[in-house]
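Chain by chain, the residues run as shown.
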Amino acid sequence: MSRCLPEDTLLMLYSGEGSDAERAHLRSCQACEARHARLGDDLQLIDRVLSEAPPQRTSAHRLAPRGLRWMPVAAALAGIVAFVMGVSRLWSPPSVQVAAATASVSVFAEDVSAALFATPEPPMLEMASSNMAHLQAALTGGWPCTGAQLLNGECNDQYDEVLEDD
Amino acid sequence: MTAVADNREDYDDLYRLHHPRVLRLCRLLLSDPDEAEEVSQDVFVKLLKEHRIDTRGIQWGPWLTRVAVNACRDRRRSGWWKWWRERHQEFAEADLPGRELTPEDEVLNQEKRRRIWLSFRGLSARQQEVFVLRHVEGWSTDEVAETLGLSTGSIKRHLFRAVQQMRRTLGGPT
């Protein structure tokens, strides 16, 4: 093992754990040995301080920064306000804006349905039907009549029919 | 009658032997010394009940430590707000121990002591438990893992983070 040991390995070695290879490296590497010794000094100091009776707390006016002390209270208040606002929004009657929007939507829907289902005006319908009669007559070959047919009066029925339509 | 008397004697011995250690443990894991005293008394009430029921094969030292750690955790959970607030309190230098310490301890900088305590109080509850059991109580990693119901890898991570954080206050590696 040629690379220096990481801090967590040094901690394990200090605690009596770690592999033989790591221990061998620790013995051979002065840098790691120095770091290991510093770690040991720090831990001994920490252990000694923590083994003593914990000191008393200061009075309330020397507590931690004000922001830190009130952070949970502020967070709880913000949560309550957000909850109340959410609940009131859910349960409150629709506002004026909502009513106006609903009205405009209904008007639009009426316009659309009127446009879709509107019936044509009566004269338009009649014109369309007469044109259809002419067209049908032309397609079936019964009309227009030839000159001879007109003279013989063979097409009178068709004319009467057209005149009646018009 | 004799058996009861023997039990009582055993209990007294156990109390004398372990009470200072359990109280120190509770004072480390709880910020309030009065609360620590209460919890340590509760622990020994539990010991008394358990001691009457069954004393076969129980290692009372580890048993007491385990019960004390759990009791402190329950106490912290029940008073989370108080516990959170007190984590951030300052320590009064005048109240720091040191007047009756050895000359070597006297040399130890008061500011350093204050910073170590503050740093310890700044650790998470789990990190505090791991650090105390591993370093103050001197348990092995496996024993701590079994007691806290965690894996050994998790114990090592908690311990490493706790040590790093506390060493930073001493100017150690970041």
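> Before we go on, may I ask you to explain the overall build of chain B in this structure?
Regarding its fold elements, chain B presents 9 helices and 0 strands. Helices (α) and strands (β) of chain B occur, in sequence order from the N terminus, as α-α-α-α-α-α-α-α-α. Counting over 174 residues, chain B shows a buried share of 47%. Taking the intrachain contacts of chain B between residues at least 6 apart in sequence as the baseline, contacts between residues at least 24 apart amount to 62%. Carbon and sulfur atoms form 49% of the exposed surface of chain B, whose accessible area is close to 9000 Å².

> Teacher, can you tell me more about the overall build of chain A here?
Secondary structure summary: chain A contains 8 helices and 0 strands in total. If you list the helices and strands of chain A from N to C, you get α-α-α-α-α-α-α-α. When each of the 166 residues of chain A is scored for burial, the buried share is 22%. Contacts in chain A between residues far apart in sequence, at least 24 positions, make up 38% of those at least 6 positions apart.

> Looking at this model, I keep getting lost on the pattern of salt bridges. Mind explaining?
Side-chain pairs of opposite charge can arise where the charged atoms are in close proximity. Counted by the stated rule, this structure contains 13 salt bridges over all chains. A salt bridge links A:Glu17 to B:Arg134; the nearest nitrogen and oxygen atoms lie 3.1 Å apart. Of this pair, A:Glu17 sits in the loop between α1 (7-14) and α2 (20-28) while B:Arg134 sits in helix α7 (residues 125-136), which puts the two residues in different chains. Judged by relative accessible area, B:Arg134 falls into the buried class, the value being 8%. Between B:Arg24 and B:Glu137 there is a salt bridge, with the nearest N and O atoms lying 3.8 Å from each other. Of the two residues, B:Arg24 sits in helix α1 (residues 2-29) while B:Glu137 sits in the loop between α7 and α8 (141-148), which places them 113 residues apart along the sequence. For B:Glu137, a relative accessible area of 15% translates into the label buried.

> Where do I start with the confidence of the model for chain A in this structure?
If pLDDT is low for a region, its predicted coordinates should not be looked at in detail. The share of residues in chain A with pLDDT of 70 or more is 60%, and the mean pLDDT across the chain is 75. Low pLDDT (under 50) marks residues 59-63 of chain A, which in the prediction has 6 contacts with non-local residues, meaning those over four places away or in another chain.

> How do you make sense of the packing of aromatic side chains when you look at a structure like this?
In this description, a pair of aromatic rings is defined by centroid distance and the angle of the planes. All names here are of chain B. For the structure shown, the criterion picks out 5 aromatic pairs over all chains. Ring geometry for Tyr11 against Tyr15: centres 6.5 Å apart, planes inclined by 35°, an arrangement best described as tilted. Of this pair, Tyr11 and Tyr15 both sit in helix α1, separated by 4 residues, roughly a single helical turn. For Tyr11, a relative accessible area of 9% puts it in the buried group. Exposure remark for Tyr15: the relative accessible area of 27% places this residue in the partly exposed category. Members of the aromatic cluster, connected to one another through ring pairs, are Tyr11, Tyr15 and Phe44.

> How should the nonpolar core be read in this particular structure?
Of all hydrophobic cores here, the largest spans 54 residues; its most connected members are A:Leu50, B:Val43, B:Leu47, B:Ile116, B:Phe120, B:Phe131 and B:Met166. Counting contributing residues, this core receives three or more from each of domain 1 (1-94) and domain 2 (99-174) of chain B. Leaving out residues up to four positions away in the same chain, A:Leu50 has contacts with B:Leu28, B:Ile116, B:Trp117, B:Phe120, B:Phe131 and B:Met166.

> Is there a simple way to explain a nonpolar patch on the surface in this structure?
Residues and elements named next belong to chain A. On the surface, a cluster of nonpolar side chains totalling about 1000 Å² of accessible area is made up of Trp70, Val73, Leu77, Ile80, Phe83, Val84, Val87, Leu90 and Trp91. Residue position: Val87 is located in helix α4 (residues 66-91). On the basis of relative accessible area, Val87 is assigned to the partly exposed category, the value being 32%.

> Is there a simple way to think about the confidence of the model for chain B in this case?
Residue and element names in this part refer to chain B. Per-residue pLDDT for chain B averages 80, and the proportion of residues at 70 or more is 74%. When the elements of chain B are averaged for pLDDT, helix α4 (residues 80-87) gives the smallest value, 61, and helix α9 (residues 152-169) the largest, 92. In this model, residues 1-5 is a region of pLDDT below 50 whose contacts with residues beyond four sequence positions or in other chains number 0 contacts. Contacts for the low-pLDDT stretch residues 93-99, under 50 throughout, to residues beyond four places or in other chains number 17 contacts. Scoring the predicted complex yields pTM 0.58 and, for the interface, ipTM 0.73.

Conventions and cut-offs
Residues numbered from 1 in each chain as written. Chains lettered and ligands numbered in written order. Predicted model: local features only at pLDDT ≥ 70, side-chain atom pairs only at ≥ 80, totals over all residues. Heavy atoms only, no water. Helix = DSSP H or I, 4+ residues; strand = E, 2+ residues; numbered from the N terminus. Buried < 20%, exposed > 50% of the residue type's maximum accessible area, 1.4 Å probe, protein only. Contact = heavy atoms within 4.5 Å. Areas by Shrake-Rupley, 256 points an atom, 1.4 Å probe, with all protein chains shown as cover. Salt bridge = Lys/Arg side-chain N within 4 Å of Asp/Glu carboxyl O. pLDDT = per-residue confidence, 0-100. Phe/Tyr/Trp six-rings, centres within 6.5 Å; stacked < 30°, edge-to-face > 60°. Core = buried A, V, L, I, M, F, W, Y, C linked by side-chain atoms within 4.5 Å. Domains from an automatic or database assignment. Patch = residues over 30% accessible without salt bridge, like charges linked within 9 Å, V, L, I, M, F, W, Y side chains within 5 Å.

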